[in-house]
Amino acid sequence: MNFRQLGFSLVLFFPLYVFGQSSIQLNSSEIKLGLKKLNTLGSALYIAAHPDDENTRLLAFLAKEKKFRTAYLSLTRGDGGQNLIGNEQSELLGLIRTQELLAARRTDGAEQFFSRAIDFGFSKNSEETFRIWNKEQVLADAVWIIRKFRPDIIITRFPEDERAGHGQHGASAIIAREAFTAAADPTRFQDQLKYVETWQARRIVWNTFNFSSLNTTSEDQLKLDVGIYNPLLGKGYGEIAAESRTNHKSQGFGSARQRGKALEYFIPTAGVLAKTDLFEGINTTWNRISGGEAIGKLIHAADQNFNSDEPSASLPALINILKAINRLPESYWKEQKSKELKDLIAAAAGLWFESYTLQAVQALGDSIRIRSDIVLQSKVPVKLLTINGQKLDFDLKEGSSKSIQSSVLAKEITEPYWLFEDHPIGMFKIEDQQLIGYPEKPGSANTGFSFRILDEVISYQRPAAYKYTDQVRGEVYQPLIVAPAVTASIADKAYVFTGNTSKTIFILLKSFRDKTEGSLRPQVPSGWKIEPQSILFDLPKKGDEKTFQFTISPGDQAESGKLRLNILSGGQSYNRAHRIINYDHIPIQNLFPIAEAKIERIELKTGGKKIGYIAGAGDLIPESLQQIGYQVSTLSETEIMNADLSNYDAIITGIRAYNVNERLAVMQPILMEYVSKGGTLLIQYNVNNPLLARDIGPYPFRITRDRVTDEQALVKFLEKDHPVLNYPNKITAKDFEGWIQERGLYFLSDADPKYKRILSMNDPGETPKDGSLLVADYGKGRFVYTSLSFFRELPAGIPGAYRLFVNLLTKPKE
């Protein structure tokens, strides 16, 4: 088999694309580490369910200390979690966490893979998980990655039973165990065998843990000290692990560096039993492949003779090693080690080269102008032969530089490949088998470089990035974006209409090409009216934007559905919007979803109009309330401490506000005074640690980890006559239909009797839980604490969620 056809990105010890630079730059210590890795032929695959499940200390140890090719397979992208840095949810949160995982891997030296499974939120057991995931597809993906990555050992983070603590955790262990066997079975997933061969890992083990009150380790288990110090790195693996884990910023996982001894424990799951070492019985030297023994000796000699003051002195030896590898028959390890060695040769030669564009975005079908810069920083004779096949034959001299202009055609939209198709709740839809597993789709704007270094011709690929200089951040690299010629973006993803009241909707047209003109035609479901029915537009310059207003009116028979946009321009039809996700810790993410929004007509009565909002970890509650006519003001600490809060009919705290805003402990007495004088304070869910204010409510309660994950769970009314179920909207069982992802999370318990427990609900097979919604009178006002997932339901336009939330904000008139 020709393993050059396998298609996985060969991001090995040194990533090809690094956020912050586009070309590999290694110091002498890194080249030295690379030589040691070059002489190690072993691989390990770590498998779990989510971003942050991975053991970063173990990954760093395996990748940088043991020098094994190491990877983490996260079955999901973390789409169903909570976001502590913004208001992105679902697929957008998964996009952020994908980039956070890539940043973590750049730190700990491992690679990153994914399956098609979607994190749909917390699940109680693996049976529930597999009712939502397509187990056979997830298993196929794990088998595919094992067959491509070819790990010697597989390590799981979790057990298969309830000790996993999450249904998706347990499911990941089940998938890993079954994939361990299926990957070696030629009768399983036979379509994959057009591209890959079967593979049998030597063993699969469970990396046991001591989490909080659950300790699954014991001294009779296989142990490994991963806390050692690496002098070439100047760090121990506990330090590297903390740096890696701190990249999970959307989860608030900033970690302290740990130093000193740190034991990891393992128990066997399947395969050949290991008694003293994870790689026991596995040949990780060049002797594992035919003709490799001599190569191992050459690499050892190059390592021993390496001069950190003059890395280029090693080039003759490195070139000889490359020639020896090239003479080997085609194989997995030949491909891997050839790539590693070529990168080491470029680094030792002081050969720096990159490709970039000075424009951030190009339109589909246009030509992308690429600039390639090459600099030689050693006395080694190097000749630049070609760039993208263009013959140059340019002799590079020490300190000299060369810049070449070229161009490529923008052939496809830059879009997260797993989001391009509509998908069911549990699985992304990916038609191209060879894309499965990639964290991102490989860039189409790669530049091919060919050099003669000493007497050897060596070729490289570099991704073209967008490069610019920021006045504060300095030199910045961002991904190059290919966009549709024109996009139409709707301000919100869902619009709620009350009665027959019309609403003005704003649509932003943006051009990514000069001289863009045409028409925009919105489409609405049966029973709706939109004016105007079409508009003409003219956007003369690339980057021009223009906002248009449309009025949508529901009729008596208006059906729930989608507002869809269609653009006609230059004889082409376009239907994409433009969304940007911009955080300093990840590359800017551009995506082009279908230009549509949900429109929903509901029967809704409101009371009071002025709402104060205290920001938490991030949600879209203010925007959702503005849609139904509320005036929402985000309150600062100064306003809370000094303004007349009686002007607000209700005040809401954002999700996890008491976990992220330490100043709420100071503001809390003022808020309680507001309630006692007649105001309504609604607190959305928090977790119990860290809790930055001791007394959140007027009376005691305890925050638990209880939740109801079944969004269709039966809801019982415990206080049928309570105003929050009757005014201004009569709440019925119908109002809990159509909810998404879950009912609620982090319910309350041990609440003072002065609180009224309004609702009861439970997941299948569990006892009823009554801590999702508590209401108490306090002085002349109302205090509400709710763990219901309004932060998901309102932005999704769920009618019943709106009706209940309005009731919580509205007190009956006295």
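The structure we're discussing is the one just above.
Residues numbered from 1 in each chain as written. Predicted model: local features only at pLDDT ≥ 70, side-chain atom pairs only at ≥ 80, totals over all residues. Heavy atoms only, no water.

### Comments concerning the sheet that holds strand 4 (residues 153-156)
- Spatially, 3-2-1-4-5-11-8 is the arrangement adopted by the seven strands of the open sheet, whose pairing is mixed. The sheet is open, and its two edges are formed by strand 3 (111-114) and strand 8 (222-225), each paired on a single side. If you compare each strand with its neighbour and ignore which way they point, the axes differ by 30° on average.
- Relative to strand 5 (residues 203-208), strand 4 runs parallel, the two sharing four bridges. (Pairing = 2+ DSSP bridges. Helix = DSSP H or I, 4+ residues; strand = E, 2+ residues; numbered from the N terminus. Axes fitted to C-alpha atoms, helices over the stretch in contact; angles between N-to-C directions.)

### Focus on the environment of Gln 251
- Locating Gln 251 in the fold gives a position in the loop between helix 7 (237-245) and strand 11 (263-271).
- A residue is classified by how much of its surface remains accessible, and Gln 251, at 15% relative accessible area, is buried.
- Spatially, the C-alpha atom of Gln 251 lies 24 Å from that of Leu 635, the residues being 384 residues apart in sequence.
- The contacts of Gln 251, once residues within four sequence positions are left out, are Pro 51, Asp 52, Leu 84 and Arg 97.
- Among the polar contacts listed, one links the side chain of Gln 251 to the backbone oxygen of Pro 51, at a separation of 3.1 Å. (Buried < 20%, exposed > 50% of the residue type's maximum accessible area, 1.4 Å probe, protein only. Contact = heavy atoms within 4.5 Å. Polar contact = N/O pair within 3.5 Å; in protein donor to acceptor, adjacent residues only side chain to side chain.)

### Observations concerning helix 16 (residues 799-809)
- Across the 11 residues that make up helix 16, a large majority, 10, are buried.
- Buried residues of helix 16: Gly 800, Ala 801, Tyr 802, Arg 803, Leu 804, Phe 805, Val 806, Asn 807, Leu 808 and Leu 809, and no others.

### Examining the packing of aromatic side chains
- Here the structure, examined in full by the defined rule, presents 31 aromatic pairs.
- On the numbers, 5.0 Å between centres and 20° between planes, the contact of Tyr 466 with Tyr 468 is stacked.
- Look at Tyr 466 and you get buried, because its relative accessible area is 18%.
- The rings of Tyr 699, Phe 701, Tyr 755, Tyr 778, Phe 783 and Tyr 785 are connected pair by pair, giving a single aromatic cluster.
- Here Lys 503 stacks its cationic end above the ring of Phe 497, 5.4 Å away from the centre of that ring. (Phe/Tyr/Trp six-rings, centres within 6.5 Å; stacked < 30°, edge-to-face > 60°. Lys NZ or Arg CZ within 6 Å of the ring centre and 35° of its normal.)

### Thoughts on the sheet that holds strand 24 (residues 503-511)
- In spatial order, the strands read 22-24-28-26; together these four strands make up an open sheet with antiparallel pairing. Where the open sheet ends on each side, the last strands, each with one partner, are strand 22 (486-490) and strand 26 (528-531). With direction set aside, neighbouring strand axes in the sheet form an average angle of 30°.
- Pairing analysis gives four bridges linking strand 26 to strand 28 (residues 545-554), with the strands arranged antiparallel. Note on strand 28: the bridge partner recorded for Trp 528 is Pro 554.

### As for the packing of helix 9 (residues 315-326) against helix 10 (residues 332-348)
- Between helix 9 and helix 10, whose axes approach to 10 Å, the crossing angle comes to 160°. By the angle class used here, helix 9 and helix 10 are roughly antiparallel. Crossing of helix 9 over helix 10 shows left-handed handedness. Note on element contacts: helix 10 touches helix 9 through Lys 334, Lys 337, Ser 338, Leu 341, Lys 342, Leu 344, Ile 345 and Ala 348, opposite Leu 315, Leu 318, Ile 319, Ile 321, Leu 322, Ile 325 and Asn 326.
- Of the residues assigned to the contact of helix 9 with helix 10, the class counts are 10 nonpolar, two polar and three charged. (Parallel < 35°, antiparallel > 145°, perpendicular 65-115°, else oblique. Left-handed = near helix turned anticlockwise from the far one by under 90°. Nonpolar A, V, L, I, M, F, W, Y, C, P; charged D, E, K, R; others polar.)

### Some details on unusual backbone geometry
- Residue Asn 689 is joined to Pro 690 through a cis peptide bond whose omega torsion reads 0°.
- Along the chain, the position of Pro 690 falls in the loop between strand 37 (680-684) and strand 38 (702-703).
- Cis geometry is adopted by the peptide bond preceding Pro 728, which originates at Tyr 727 and carries an omega value of -5°.
- One can find Pro 728 in the loop between strand 40 (715-717) and strand 41 (744-745).
- Its identity as a non-glycine residue notwithstanding, Lys 67 has a phi of 70°, on the positive side.
- Classification of Lys 67 by relative accessible area gives buried; the value is 9%.
- Even without glycine at this site, Asp 393 takes up a positive phi of about 50°.
- Its location among the elements puts Asp 393 in strand 16 (residues 390-396).

### Structural notes on the nonpolar core
- Judged by nonpolar contacts, the single largest core of 50 residues is most densely connected at Leu 45, Leu 73 and Trp 133.
- Ignoring anything within four residues of it in the chain, the contact list for Trp 133 reads Leu 75, Thr 76, Ala 117, Ile 118, Phe 120, Val 138, Gln 168, Ala 171, Gly 426 and Met 427.
- Counting residues in hydrophobic clusters, the runner-up holds 44 residues, among them Ile 299, Leu 344, Ile 458 and Tyr 460. (Core = buried A, V, L, I, M, F, W, Y, C linked by side-chain atoms within 4.5 Å.)

### A short note on the pairing of strand 16
- Summarising the sheet, strand 15 (residues 382-387) and strand 16 pair through five bridges and their orientation is antiparallel. When the sheet's bridge partners are listed, Val 382 is paired in strand 16 with Leu 396.
- Hairpin geometry of strand 15 and strand 16 is characterised by an intervening segment of two residues between the two adjacent antiparallel strands and by a positive phi of about 50° at Asn 388.

### Re the pattern of salt bridges
- Under the criterion given, the structure shown has 46 salt bridges.
- Among the salt bridges present, the one from Arg 371 reaches Asp 373, with a minimum N-O distance of 2.9 Å.
- The partner of Glu 596 in a salt bridge is Arg 564, with the nearest N and O atoms 3.3 Å apart. Taken together, the residues span a long stretch of sequence, with Glu 596 in strand 33 (residues 596-602) and Arg 564 in strand 29 (residues 561-569) at a distance of 32 residues.
- Exposure remark for Glu 596: the relative accessible area of 25% places this residue in the partly exposed category.
- Put simply, Lys 124, Asp 763, Glu 766 and Lys 769 are held in one network by salt bridges that share partners. (Salt bridge = Lys/Arg side-chain N within 4 Å of Asp/Glu carboxyl O.)

### Some thoughts on the packing of helix 2 (residues 56-65) against helix 7
- Their axes nearest at 8 Å, the elements helix 2 and helix 7 cross at an angle of 120°. On the basis of their axis angle, the class for helix 2 and helix 7 is oblique. In this structure, helix 2 meets helix 7 at a crossing whose hand is right-handed. Contacts between helix 2 and helix 7 pair Thr 56, Arg 57, Ala 60, Phe 61, Lys 64 and Glu 65 from the former with Tyr 237, Gly 238, Ile 240, Ala 241, Ser 244 and Arg 245 from the latter.
- Looking at the contact of helix 2 with helix 7, its residues break down into five nonpolar, three polar and four charged.

Without other data, these values stay purely geometric and don't point to any function.
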